[in-house]
Amino acid sequence: MNLDELKQAFVARYPGAGEPFVCRVPGRVNLMGEHLDYNGLPVLPMAIDRAIYLAFAPNRDGEFRLANQNPAYPDVSFENSADIAPSPGGAWENYAKAAVQGLNQSLSVEEYPGLDVLLDSDLPDSAGLSSSSALVVGFGMAYLAALGFTLGEDIPRLKLAGILAGAEHYVGTAGGGMDQTAILMGEAGSAIRINFIPFQVDPVPLPDGVAVIVCDSLVKATKTGDAQQRYNAGPASCSLIAALINAHLQAEFGNEFEIECLGELWYGSLCFNRTEVKQLLDTVLPEARIAPDKIARRLNMPVAQVREYWLDSMPDEPEGLPLQARARHVFNEYYRVMEGRDALLAGDVTTFGRFMNASQQSCADDYGISTPELDALCAALRDAGCLGARLTGAGFGGAVVALAPAKEVDRVLREIKESYYRKVVKWEGAIPAFCTTAGAAARYNS
Ligand code: NG1
């Protein structure tokens, strides 16, 4: 990306706005730990070397004017205020509105500056690489500068990640904090392990000689469309499992113990170990599927209330809800993060690759977030010699991440061109797959 060209394009588009600032905000790929973050459980992502770039200058008229070098995203403006109404679902300005509204509330902003922004990107969108959170973080960083705050001094990066994770709920997804944290805390050369209870990050250097390959399945996972409801079914299922656990704990121990998210089984005051959590889950979810009326009886609430609180954000499950499998994924995926981190730290990429394959199986069978194309792409990558391959991010389409010996990458890419792109999705063009290093965190450029 040529930042001078972006700045010149900014000056041409907003004459009179003054010399722009620029920030670079990477996407992320998650190596291990899918749909764990909103449960308060650790994840193992890394920032990648593809990014979005914002050229911006604050203005005093309180207006946000947004333009994008990609003509698919129309110019748009909105007024900054205490209560910014969202645009219809799918509008790209909603990611700016999310960041601005979130920062206005968290920082108790009382005067509302505006921004002129021109955006460019080499990060594919709707591909599970967090282009949406990159937008939220990018607009958040630009707005912080307009408010006169210095990132890392007035506002620690981790704090901003937490604010923007909550702020992104504005667009209608009930996500956790993995993406914003990976983008703001990533380290060149390292994946990071993000702990949510307590919120902290530590680097997990990637062993030498191994390459991270990212392949777009070419199935769009547009999180503002159908995939949004399918995504939100994950947090809703886990919150329902937590409610069933609470009902059980209350019957056993009285009101003393209550969890807000599944991660508190390990990290909250209960401090359960592996065996204890497993036993608890087996006791609370003995059946593969559970019907809404049975849930209502266990929670001692009307079934209509169960529907309103949890089931409305899930697809219909005439056979009952597969909560046992959802819990099994969370439990096993958590241990794959912990043991996968140990394997990476020991330089054991073979074991890590095996965990990646097991994670894909679990995402498909137990969490229901894979697609036939994602399964086929993972299989093609493994057949081509990768050590492991799995979907990355929300699922329902988007990208797959694979680890391969660095010297095998060219051959892997040649083989999947035939075995997946030509054969499965009938794609004849250049293949949307690339190798990425673990990139640096989002930053301002002078
Ligand atoms: P992507 O794939 O970037 O939409 C989503 C959530 C994450 C996490 C993953 C699944 C948002 C912004 N992101 O990521 O918090 O839950 O799915 O691990 O909702």
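In what follows, the accompanying structure is described. (Residues numbered from 1 in each chain as written. Predicted model: local features only at pLDDT ≥ 70, side-chain atom pairs only at ≥ 80, totals over all residues. Heavy atoms only, no water.)

**Comments concerning the nonpolar core**
Grouped together as the largest cluster of nonpolar side chains are 142 residues, with contacts concentrated most on V25, F139, I245 and L381. Broken down by element, the residue count for this core peaks at 12 residues, all from helix α6 (residues 226-253). Here this core spans two domains, since at least three of its residues come from each of domain 1 (3-206 + 439-444) and domain 2 (226-326). Excluding residues that lie within four positions of it along the chain, I245 makes contacts with I259, L262, L265, L280, L281 and V284. Membership of the second largest hydrophobic core comes to 11 residues, among which are F10, A51, Y53 and A57. (Core = buried A, V, L, I, M, F, W, Y, C linked by side-chain atoms within 4.5 Å. Buried < 20%, exposed > 50% of the residue type's maximum accessible area, 1.4 Å probe, protein only. Helix = DSSP H or I, 4+ residues; strand = E, 2+ residues; numbered from the N terminus. Domains from an automatic or database assignment. Contact = heavy atoms within 4.5 Å.)

**Looking at the layout of surface pockets**
Empty space left among the atoms is revealed by rolling a probe the size of a water molecule over them. Roughly 800 Å³ of volume is contained in the largest pocket. As for the largest pocket, its lining consists of 46 residues, and the residues nearest its centre are Y95, S126, S130, S131 and S132. Secondary structure elements with two or more residues in the lining of the largest pocket: β5 (114-121), α3 (131-147) and α5 (178-185). Here the lining of the largest pocket takes four residues from α3, the largest share from any one element. For the lining of the largest pocket, the per-class residue count stands at 15 nonpolar, 23 polar and eight charged. There is about 200 Å³ of room inside the second largest pocket. Taken together, 15 residues line the second largest pocket, and the ones lying closest to its centre are R230, A233, P315, R326 and Y367. When contributions to the lining of the second largest pocket are tallied by element, the ones reaching two or more residues are α6 and α11 (323-345). Looking at the lining of the second largest pocket, the element that brings in the most residues is α6, giving four residues. Classifying every residue of the lining of the second largest pocket by side-chain character gives nine nonpolar, three polar and three charged. (1 Å grid on protein atoms, 1.4 Å probe; cavity = no way out; pocket = protein on both sides within 12 Å on 5 of 7 lines; lining within 4 Å. Points joined across faces, edges and corners; volume = space filled by probe spheres on them. Nonpolar A, V, L, I, M, F, W, Y, C, P; charged D, E, K, R; others polar.)

**Description of the sheet that holds strand β9 (residues 388-391)**
Strands sit in the order β9-β10-β8-β11 across an open sheet of four strands; the sheet is antiparallel. Pairing within the sheet leaves two strands with one partner each, and these edge strands are β9 and β11 (433-436). The mean inter-strand angle of the sheet, taken between neighbouring strand axes irrespective of direction, is 25 degrees. Its contacts with the sheet place helix α12 (residues 349-365) against β8 (210-216), β9 and β10 (399-405), and it is angled at close to 35 degrees to β9. (Pairing = 2+ DSSP bridges. Axes fitted to C-alpha atoms, helices over the stretch in contact; angles between N-to-C directions.)

**Considering the side chain of D120**
With respect to the secondary-structure elements, D120 resides in strand β5. Among buried charged residues, D120 stands out as having no salt bridge; its nearest opposite-charge side chain is R13, 9.9 Å away. What D120 contacts, discounting residues up to four positions off in sequence, is M1, L6, I52, Y53 and Q69. (Lys, Arg positive; Asp, Glu negative; His and termini not counted. Salt bridge = Lys/Arg side-chain N within 4 Å of Asp/Glu carboxyl O.)

**Some remarks on empty space enclosed by the protein**
One pass over the structure, following the stated rule, counts one cavity of 30 Å³ or more. L262, L265, W266, L281, A327, V330 and F331 together form the lining of the largest cavity. Put simply, the parts of the chain that give the lining of the largest cavity at least two residues each are α7 (264-267) and α11. Of the residues forming the lining of the largest cavity, the biggest block, three residues, is contributed by α11. When its residues are assigned to classes, the lining of the largest cavity shows seven nonpolar, no polar and no charged.

**Observations concerning the environment of L123**
Secondary-structure assignment places L123 in the loop between β5 and α3. A relative accessible area of 7% means that L123 is categorised as buried. Excluding anything up to four places from it in sequence, L123 contacts G27, I48, R50, A51, I52, L129, S130, S131 and A134.

**Notes on the pattern of salt bridges**
According to the stated counting rule, one finds 22 salt bridges in the structure shown. Here R193 and D202 are joined by a salt bridge, their closest N and O atoms 3.2 Å apart. Here the salt bridges do not stand alone but share partners, grouping E34, E333, R336 and R390 into one network.

**Focus: unusual backbone geometry**
Residue P198 is reached from I197 by a cis peptide bond, and omega for that bond is -5 degrees. Residue placement: P198 occurs in the loop between β6 (190-196) and β7 (199-205). The phi dihedral of K426 falls on the positive side, at around 55 degrees, and the residue is not glycine. With respect to the element layout, K426 can be found in the loop between α14 (409-422) and β11. With a relative accessible area of 60%, K426 lands in the exposed category.

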